[in-house]
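In case you want the letters, here they are:
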Amino acid sequence: MNHRGAARLRAGHPWVYRSDLVPPAEAADGSLVQVRDERGRRLGSALYSSASQIAIRLLSTDEISDNALPVLVRERINQAVQVRQCLTRDTDSFRVIFSEADLLPGLIVDKYNDILAVQAVTQALDREDLRQIVVESLTAHFPGASLIERIDPHIRELEQLPPRESRLLLGDRSSTIFALNGVQFHFDGLSGQKTGAFLDQRENYAAAARYAHGAALDVFTYQGGFALHLARVCASVAGVDASRPALEIAEQNEQLNRAQHGCSEIEWIEANAFDLLKDYATAGRQYDTIVLDPPAFAKTKRTVPTALRGYKELNLRALKMLRPGGILVSCSCSFHVSEAEFVGMLGAAAADTGRQVRILEKRGAAMDHPVLLNVPETAYLKCVICQTEP
Ligand code: SAH
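Residues numbered from 1 in each chain as written. Predicted model: local features only at pLDDT ≥ 70, side-chain atom pairs only at ≥ 80, totals over all residues. Heavy atoms only, no water.

Chemist: What exactly am I supposed to notice about the sheet that holds strand 1 (residues 15-17) here?
Modeler: By way of backbone hydrogen bonds, the strands of a sheet pair with one another, either parallel or antiparallel. Taking strand neighbours across the sheet as the criterion, the four strands line up as 1-4-3-2 in an open arrangement whose pairing is antiparallel. The open sheet has two edge strands with one neighbour each: strand 1 and strand 2 (32-36). Direction aside, the axes of adjacent strands within the sheet are offset by 40 degrees on average. Judged from the three bridges that link them, strand 1 and strand 4 (residues 54-60) form a sheet pairing that is antiparallel. Note that in strand 4 the partner of Val-16 across the bridge is Ile-56. Its contacts with the sheet put helix 1 (residues 3-10) on strand 1, strand 2, strand 3 (42-48) and strand 4, and the angle it makes with strand 1 is roughly 170 degrees. Against the sheet, helix 2 (residues 69-87) engages strand 2, strand 3 and strand 4, with an angle of about 80 degrees to strand 4. (Pairing = 2+ DSSP bridges. Helix = DSSP H or I, 4+ residues; strand = E, 2+ residues; numbered from the N terminus. Axes fitted to C-alpha atoms, helices over the stretch in contact; angles between N-to-C directions. Contact = heavy atoms within 4.5 Å.)

Below you can see the structure in the form of structure tokens.
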């Protein structure tokens, strides 16, 4: 590979783009390849994709043989599971394996109570031999758990993998009920409208509930993640989302929890968040707690300025609607928007309101989503909790 690719690997980032391969690689789809710099010096072993712009994902700076690959994958799975044992003491649901962050590029495994949802997002991890190792290792660690394979058709298309349906790989359950911080959720990995959760927000749900009070609004609620937590501590809660199917599951989740605990009733509102916040602000509505957790606005570096304008519009309206001492929980899962840019945007929005706003906490994804120092993509989630002046 060229100088740029080699420098990237030496700096600890495992990806090499196709444009940095010289000569262009001719390896088989998903194969293990040995990588060298332009002067022939060894850089390690990597998994190759013939389709993705990310042609190479480094596995090890050692040279690994094809025979040793299954052993290495098994070892890495063991390590990932072991690390979770101290990071996830009091939850039945967490991310067991997080791709690059667990040195297993292309493999994502989430645990929802007694079901493991496995996703292979690269040609290499889709290989039959590697799948088998993954299934074997996971069943050894989580005996009795059902395993389902979750498919993202778009990713399979990008990796030029044959289309597949989500399916049960092992066991007999594809749906269950799981808990995050004692709040219960439906999980169904196979039905039309898939359910599940943004497990990366688990600790942020608990943090938000520590400060939340009064009248609360959870914007971009999806299946009710924040709203259900807020209902335990707030006098009234409304959850907003543009997706009706998501709100239907949110409502089912609410019923599940209402049966168990006495929480406030939640109003589920199907609306475009931008329009709704504008209307509510104009109508002079006021809240004590607002959560903003939009989808990633910046999908590429180029769209960061537009994304920041979108974030600012939402956050400005939310801050304006907060009563004195009100809580704003503002999230962004756009990797391309840095924490500094995000906090800067919040500052600009606060300045426009003419009120002081203090940061209570700057947070990231839950601990079961490790961050690698040299792989900024692993630190994608920002969650800033602020309070308006009393
Ligand atoms: N807060 C949620 C996750 C939100 S994911 C949780 O903790 O589980 C982003 C959500 O935003 C999706 O449910 C999507 O349907 C919704 N969404 C996307 N664009 C929207 C818009 N313009 N207005 C309202 N909701 C929108």
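Chemist: Looking at this structure, I do not really get the environment of Gln-252. What am I missing?
Modeler: If you trace the backbone, Gln-252 turns up in helix 7 (residues 244-258). For Gln-252, a relative accessible area of 40% translates into the label partly exposed. In sequence terms Gln-252 and Gly-224 are 28 residues apart; their C-alpha atoms lie 9.6 Å from each other. (Buried < 20%, exposed > 50% of the residue type's maximum accessible area, 1.4 Å probe, protein only.)

Chemist: Sorry if this is basic, but what is going on with the site of the ligand here?
Modeler: Close to the ligand lie 14 residues; Tyr-205, Phe-220, Asp-241, Ala-273 and Asp-293 are nearest. A distance of 2.6 Å separates an oxygen atom of the ligand from a polar atom in the side chain of Tyr-205. A distance of 2.9 Å separates a nitrogen atom of the ligand from a polar atom in the backbone of Phe-220. For the ligand, whose accessible area on its own is 590 Å², the fraction buried by protein is 83%. (Near = heavy atom within 4 Å. Polar contact = N/O pair within 3.5 Å; in protein donor to acceptor, adjacent residues only side chain to side chain. Areas by Shrake-Rupley, 256 points an atom, 1.4 Å probe, with all protein chains shown as cover.)

Chemist: Any chance you could explain the domain arrangement of the protein here in plain terms?
Modeler: When the parts of a complex come together, some accessible area is lost, and that lost area is often used as the size of the interface. Each domain of the protein was delimited in the assignment, giving domain 1 (3-60), domain 2 (69-173) and domain 3 (198-388). The straight-line distance from the C-alpha centre of domain 2 to that of domain 3 is 29 Å. Each partner contributes to the interface: domain 2 provides 15 residues, whereas domain 3 provides nine residues. Here domain 2 and domain 3 share an interface that buries about 1,000 Å² over both sides, 72% of which is from carbon and sulfur atoms. Linking domain 2 with domain 3 are zero salt bridges, by the criterion used here. When residues of the side of domain 2 that touches domain 3 are traced back to their parent elements, those giving at least two are helix 2, strand 5 (93-98) and strand 6 (107-112). (Domains from an automatic or database assignment. Buried area = accessible area lost by both parts, 1.4 Å probe. Salt bridge = Lys/Arg side-chain N within 4 Å of Asp/Glu carboxyl O.)

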